[in-house]
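Fold and geometry: a report
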Amino acid sequence: MRLSQGFWQTYKETPAEAEIPSHQLMLRAGLIHKSAAGIYNYLPLGYRVVRKVEQIVREEMDKAGCLELLMTVVTPGDLWQESGRWDVMGGEMLKFKDKADRDLCISPTNEEAITDIFRKTIKSYKQLPVTLYQINTKFRDEIRPRFGLMRGREFTMKDAYSFHMDKACLDKVYDDLFKAYCNVFDRLGFEYSAVEADAGNMGSSDSKTHEFQVIANTGEDEIIYCPETGYAANSEKAQTKRANVDFDFNDQELKEVETKGKSTIADVCDFLGKPQSQSIKSLVYTAIQGEEEFEVLVLLVGDDELNEVKLKNHLGVDHITPATDSKLLEYGLVKGYIGPLDIKKEIMILFDEAIDPKAYYTVGAQKEDYHLTGYQVAKEFEEATFVDLRLAKEGDLTIEGSKPVLVKRGIEVGHIFQLGDKYTKAMGVTVLGNDGKTQTPLMGCYGLGITRVVAAAIEQCHDDKGIIWPKEIAPYQVYFATIAKSEEFKAQADDVYKKLTDAGFEVIYDDRKAGAGFKFKDADLLGLPVRVVMGERDFKESGEFEVVDRKTGDKQKVKIDGLVEKIKELLA
Ligand code: ATP
Ligand code: MG
């Protein structure tokens, strides 16, 4: 591509709205153009990257035996009514009506649509298993669209859906696709981790689900992992145990102590001269399920935090939220001094498993300016409910191996999930089994964020000058810049350009009327793997080109005869 005829504009200034490198660099390098919040046009150079990512994903999916199809971007509301998701998808789903007043939406995901296609096509176990996928536009009206392509409202996803007669078959295909995902991310040269994720209330209890997380400081997710045992889980899901259990087991009486004005765990423990781990933190939540609502009192070791996802899953409700002041009043719970005793109205009480029923703790006294010391769960409750509700943290130990875990940030680029019969059952899908009886097939679903992968690639590899593309997805492979004045030299440069493209390289030919400094800045910003410079004087004097490796910055002088080989070597 000749840049003199290219549709390309770079920018010196970092746009104020862009907070993370990938967003800043994609805008500055003229790869994307913002249309509205979270909605971007892919410009020619940016679109080449998107297409290359799609192609890698396509190749690996095909290799795993999946079949590509293309579903509609708009799906009818009826299908979502059938699955029961029309009303629970919330504000992320963009709904609208057509002129005949029929409900429609822009697909945020396609389980319903694929299940509908499946039930109208497949009749017998002989036609299974099958995995179908598409690479298509999704729309989710995200609460906080941000970071450019990382969390867009309109974005491209590869979504796949598999169908099976039994769990063993689902497990096998799940493992195959797990490997296909690893192949994709290996080819991209990503540093990533496949982590156990939270299955929420989807699928059944033995449903497997993994997220593929690219390791990056700017990632929105937290990963808990153990280098020694290989354990890796999303923090929403991670189950670990406390490293520090310096609890107080010395027999003592329950005693009220004045803690005037001290309502935080830190203040109370400082005041009493006790470690925070010898206190209990009390939190009150309202759980909401449809029209129903109830409160729950959650008790955790003082220096632990609540994992809200675990609480929500344990309760099996749609939604949880901290209880309002008026709710607290209703139960006689005194803000800042809440504890498990002297509650006016019956309330569900859950203790985190890290609390030892035999240890003694400081708790709120349910009375302004007072706490209780010497509180022991075993003495107060005949049958207390203990549940794992705490958030895993750095330094915790793995449940099995007692090895320390670490915390890293990650970008979720893929998510695979065993759905079981959630959709096939809700939508009345049956297939004839080999015993002649009808059976409800099982499903798996497998998402991969194409456009998020593009952003993640930049997050993982860039420097202060610009992007450093992984070779497989760089918009072009070679940035060929000439610094030419004479017409004769321009003709020679055109020949070299032809030689390079004939050799099969994807080349950007910077033949613009501009100085070397300007061209090099653009080249570094765009970040193609190899830069070849043909300067008029150098070339005339020695017949040499300068070849630069974008990643390492290494520069070499190469003559025309060795040029193609040298580039091949750098791209290998
Ligand atoms: P997140 O927790 O980041 O919102 P999700 O759990 O909603 O992701 P899935 O529904 O599993 O995501 O979608 C599959 C994949 O699609 C994700 O792994 C991610 O790569 C991509 N994806 C999801 N939401 C977005 C978005 N708003 N912008 C870009 N890519 C997205
Ligand atoms: Mg989401």
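This text follows the structure it describes.
I will try to describe carefully the structure that is included in this document.

Parameters and conventions
Sequence order as written defines the numbering, with residues in each chain counted from 1. Labels are handed out in written order, letters beginning with A for the chains and numbers beginning with 1 for the ligands. Restriction of local features to residues with pLDDT of at least 70 applies here, the model being predicted, together with a cutoff of 80 or more for giving and counting side-chain atom pairs; totals for whole chains, interfaces and linings are based on all residues. Working from all heavy atoms in the structure, the side-chain values ignore hydrogens and water. Summary of the distance rule: residues count as near a molecule or strand when at least one heavy atom falls within 4 Å of that molecule or strand. A 3.5 Å cut-off defines polar contacts: any pair of N or O atoms within that distance qualifies, except that in protein one atom must be a possible hydrogen donor and the other a possible acceptor, and neighbouring residues in sequence count only when both atoms are side-chain atoms. Methods summary: accessible areas were calculated by the Shrake-Rupley approach with a probe of 1.4 Å, and residue burial reflects only the protein chains presented. Only runs of H or I of at least four residues qualify as helices and only runs of E of at least two qualify as strands under DSSP, and these elements are numbered from the N terminus. Under the grouping applied here, Gly and all other residues not named as nonpolar or charged are polar, the nonpolar ones being Ala, Val, Leu, Ile, Met, Phe, Trp, Tyr, Cys and Pro and the charged ones Asp, Glu, Lys and Arg. Put simply, two rings from Phe, Tyr or Trp (the six-membered ring, in Trp's case) pair if the centres are within 6.5 Å, and we call them stacked under 30 degrees between planes, edge-to-face over 60, tilted for the rest. Three exposure classes are used, based on accessible area relative to the maximum for each residue type with a 1.4 Å probe and protein chains only: buried under 20%, partly exposed in between, and exposed over 50%. Here, over-ring charges are defined by two tests on the NZ atom of lysine or the CZ atom of arginine: distance to the ring centre within 6 Å, and angle to the ring normal within 35 degrees. Note on pairing: two strands pair once DSSP finds at least 2 bridges between them. Angles shown run from 0 to 180 degrees and are taken between the N-to-C directions of axes, each axis being a line fitted to C-alpha atoms and, for helices, limited to the stretch in contact. Contacts were defined at the residue level, with two residues in contact if any of their heavy atoms lie within 4.5 Å. With respect to orientation, any angle under 35 degrees is reported as roughly parallel, any angle over 145 as roughly antiparallel, any angle of 65 to 115 as roughly perpendicular, and every other angle as oblique. In this scheme the handedness of a crossing depends on how the near helix is turned from the far one: anticlockwise by less than a right angle means left-handed, clockwise means right-handed. Every case where a carboxyl oxygen of Asp or Glu lies within 4 Å of a side-chain nitrogen of Lys or Arg is listed as a salt bridge.

1. Remarks on the site of ligand 1
The local shell around ligand 1 holds 14 residues, among which Arg140, Glu142, Arg151, Gly152 and Glu412 are the closest. Between ligand 1 and glycine 152 there is a distance of 2.8 Å, counted from a nitrogen atom to a backbone nitrogen or oxygen. A distance of 3.0 Å separates an oxygen atom of ligand 1 from a polar backbone atom of valine 413. Protein chains shield 82% of the accessible area of ligand 1, which is 580 Å² for the free molecule. Those elements that provide at least two residues to the shell around ligand 1 are strand E8 (154-164) and strand E23 (406-420). In terms of residue count, E23 provides more of the shell around ligand 1 than any other element does, 4 residues in total. Looking at the shell around ligand 1 residue by residue, the class counts come to 5 nonpolar, 4 polar and 5 charged.

2. Comments concerning the environment of methionine 534
As for its placement among the helices and strands, methionine 534 is situated in strand E31 (residues 530-535). In the structure, methionine 534 is positioned 51 residues away from isoleucine 483 in sequence and 6.3 Å away in space, judged by C-alpha atoms.

3. What to know about the packing of aromatic side chains
Enumeration over the complete set of coordinates arrives at 17 aromatic pairs. A ring pair is formed by phenylalanine 118 and phenylalanine 163, whose centres lie 3.9 Å apart and whose planes are at 5°; its orientation type is stacked. Here the residue phenylalanine 118 occupies a position in helix H4 (residues 111-121), and phenylalanine 163 occupies one in strand E8, the gap between them amounting to 45 residues. In this structure phenylalanine 118 comes out as buried when scored by relative accessible area, which is 2%. Ring centres 6.4 Å apart and planes at 40° place the aromatic pair tyrosine 192 and phenylalanine 212 in the tilted group. Of this pair, tyrosine 192 sits in strand E9 (residues 192-196) while phenylalanine 212 sits in strand E10 (residues 209-215), and the two are 20 residues apart along the sequence. What makes tyrosine 192 partly exposed here is its relative accessible area of 21%. Here phenylalanine 212 falls in the buried class, since its relative accessible area comes to 0%. In this arrangement the basic side chain of lysine 345 is found over the ring face of tyrosine 331, its NZ or CZ atom lying 4.7 Å from the centre. Directly above the aromatic system of tyrosine 370 lies the positively charged group of lysine 367, at a separation of 4.4 Å from the ring centroid.

4. Digging into the sheet that holds strand E29 (residues 478-483)
With mixed pairing, 5 strands are arranged side by side in an open sheet as E30-E29-E31-E32-E33. Two strands bound the open sheet, and with one partner strand each, they are strand E30 (507-510) and strand E33 (555-559). Shown here is a sheet whose adjacent strand axes are inclined to one another by a mean of 25°, direction ignored. Sheet topology note: the strand E32 (residues 544-549)/E33 ladder contains 5 bridges and is antiparallel. Paired with glutamate 546 across the strands is lysine 557, a residue of E33. In the packing of helix H13 (residues 516-526) onto the sheet, contacts are made with E29, E30 and E31, and the angle to E29 comes to roughly 175°.

5. Here we look at the packing of helix H12 (residues 487-502) against helix H15 (residues 560-571)
Between H12 and H15, whose axes approach to 11 Å, the crossing angle comes to 40°. In this view, H12 runs oblique relative to H15, as classed from their interaxial angle. Here H12 runs over H15; the crossing is right-handed. Where H12 approaches H15, its residues Val496, Lys499 and Leu500 are matched on the opposing element by Ile560, Leu563, Val564 and Ile567. Its residues placed into classes, the contact of H12 with H15 shows 6 nonpolar, no polar and 1 charged.

6. Details of the pattern of salt bridges
The final tally for this structure, using the stated rule, is 52 salt bridges. For arginine 146, the salt bridge goes to glutamate 220, with nearest N and O atoms at 2.7 Å. One end of the pair, arginine 146, is in the loop between strand E7 (130-139) and E8; the other, glutamate 220, is in the loop between E10 and strand E11 (221-225), with 74 residues separating them in the sequence. Under the relative-accessibility criterion, glutamate 220 is labelled partly exposed at 27%. One salt bridge in this structure joins aspartate 524 and arginine 550, with 3.8 Å as the shortest N-O distance. On the criterion of sequence distance, the pair formed by aspartate 524 in helix H13 and arginine 550 in the loop between E32 and E33 is long-range, its members being 26 residues apart. Comparing aspartate 524 with arginine 550 shows no difference in burial state: the two are buried. Through salt bridges that share partners, Arg242, Asp303, Asp304, Arg390, Lys393 and Asp396 make up one connected network.

7. Thoughts on the pairing of E10
With 7 of 7 residues buried, E10 lies mostly within the body of the structure. The two faces of E10 match: Thr209, Glu211, Gln213 and Ile215 on one face and His210, Phe212 and Val214 on the other face are all buried. Inspection of the sheet shows E9 paired to E10 by 5 bridges, in the antiparallel sense. Looking across to E10, one finds that glutamate 196 is bridged to histidine 210.

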